[in-house]
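Structural overview for review
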Amino acid sequence: MLKDHQIIWAIQQMEEEIGPVGLSLDARTPFQFLVSVILSAQATDVSVNKVTPILFTRYPEPRDLMNAEVEDVEDIIRSVGLFHNKAKNIIKTARIVHEDLNDEVPTDRKGIMALPGAGRKTANVVLSDMFGQATFAVDTHVSAISKRLHFVTQTATPLQVENKIISILNPEDLHRAHHTMIEFGRKYSMKLTPDKEVCQLIIDCDKLNEENEAEV
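So, here's what we can say about the structure. (Residues numbered from 1 in each chain as written. Predicted model: local features only at pLDDT ≥ 70, side-chain atom pairs only at ≥ 80, totals over all residues. Heavy atoms only, no water.)

1. Side note on the overall build of the chain
Tallying secondary structure elements over the chain gives 12 helices and 0 strands in all. Mapped from its N terminus to its C terminus, the chain presents α and β elements in the order α-α-α-α-α-α-α-α-α-α-α-α. The C-alpha radius of gyration computed for the chain amounts to 19 Å, which stays within 12% of the reference 17 Å derived for 216 residues, consistent with globular compactness. With the principal axes as the frame, the chain shows a C-alpha extent of 60 × 30 × 30 Å. Across the 216 residues in the chain, those meeting the buried criterion constitute 47%. (Helix = DSSP H or I, 4+ residues; strand = E, 2+ residues; numbered from the N terminus. Rg over C-alpha atoms; globule rule 2.2 N^0.38 Å. Buried < 20%, exposed > 50% of the residue type's maximum accessible area, 1.4 Å probe, protein only.)

2. Quick notes on the state of the cysteines
In the structure shown here, the tally under the stated rule is 0 disulfides. Between C199, a cysteine without a disulfide, and C205, which holds the nearest cysteine sulfur, the sulfur-to-sulfur distance is 7.9 Å. Exposure remark for C205: the relative accessible area of 0% places this residue in the buried category. (Disulfide = S-S within 2.5 Å.)

3. Things to note about the packing of aromatic side chains
Tallied over the entire structure, the rule returns 1 aromatic pair. For the pair F184 and Y188, a centre-to-centre distance of 4.7 Å together with 55° between the ring planes defines the contact as tilted. Here F184 pairs with Y188, and both are found in helix α11 (residues 174-188), just 4 residues apart, close to one helical turn. The class for F184 is buried, based on a relative accessible area of 0%. (Phe/Tyr/Trp six-rings, centres within 6.5 Å; stacked < 30°, edge-to-face > 60°.)

4. Looking at the packing of helix α5 (residues 70-77) against helix α6 (residues 83-99)
Any two packed helices are characterised by the angle at which their axes cross and by the distance between the axes. Contact pair α5 / α6: the axes reach a minimum separation of 9 Å and the direction vectors enclose 125°. By the angle class used here, α5 and α6 are oblique. Crossing of α5 over α6 shows right-handed handedness. Every residue of α6 that contacts α5 at V70, V73, E74 and I77 is listed here: F83, H84, K86, A87, K88, I90 and I91. When the residues that make up the contact of α5 with α6 are grouped by side-chain class, the tally is 7 nonpolar, 1 polar and 3 charged. (Axes fitted to C-alpha atoms, helices over the stretch in contact; angles between N-to-C directions. Parallel < 35°, antiparallel > 145°, perpendicular 65-115°, else oblique. Left-handed = near helix turned anticlockwise from the far one by under 90°. Contact = heavy atoms within 4.5 Å. Nonpolar A, V, L, I, M, F, W, Y, C, P; charged D, E, K, R; others polar.)

5. Describing the side chain of E15
By the element assignment, E15 lies in helix α1 (residues 4-18). The buried category is assigned to E15, whose relative accessible area is 18%. At 3.3 Å, the side chain of E15 forms a polar contact with the side chain of R176. Contacts of E15, omitting those with residues within four sequence positions, involve R176, A177 and T180. (Polar contact = N/O pair within 3.5 Å; in protein donor to acceptor, adjacent residues only side chain to side chain.)

So this is what it looks like as structure tokens:
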């Protein structure tokens, strides 16, 4: 396992390579962003961005979406996968946001996680990207690259990855680190064989891990 200062160094190396990273989901309002994040579960942001312009043109506000026919929403979001459940969830979420929350997306993790289709990752993404809170979301890319670079054990849960990163980074650095690690994971996490032409950081972290194990 890498030591805390080594993990910080590794994340800094990722940031230098990847460069500035902005939001990858297109949305005009916090509600639309929430819906986009729900749709992105087990789907790519690219696929979500292809359907949300149609979805949000037709149903821009919670009151519009809550009155939508589920079949119509399914037809729009069909290409993102799991569209049956996602259509039902975003319609239910729209109703709760409109009728119970006065059209306001909750600004706390518990409130967001109480909405249909919104888990901890969704809540952390919304809180960080929309409301500037010091949260750290762990998706498949973040989890994979954290394990591949020896930040955490191979059996670490998403919550354990989240807690590890939060414990070593300054709160103001979490947002940037999250987006950097996602992009880095997209680029390298599936390449499991170290190769200098593929990713020098993987080689460097493997070496650090070996050195740390030798010290024990």
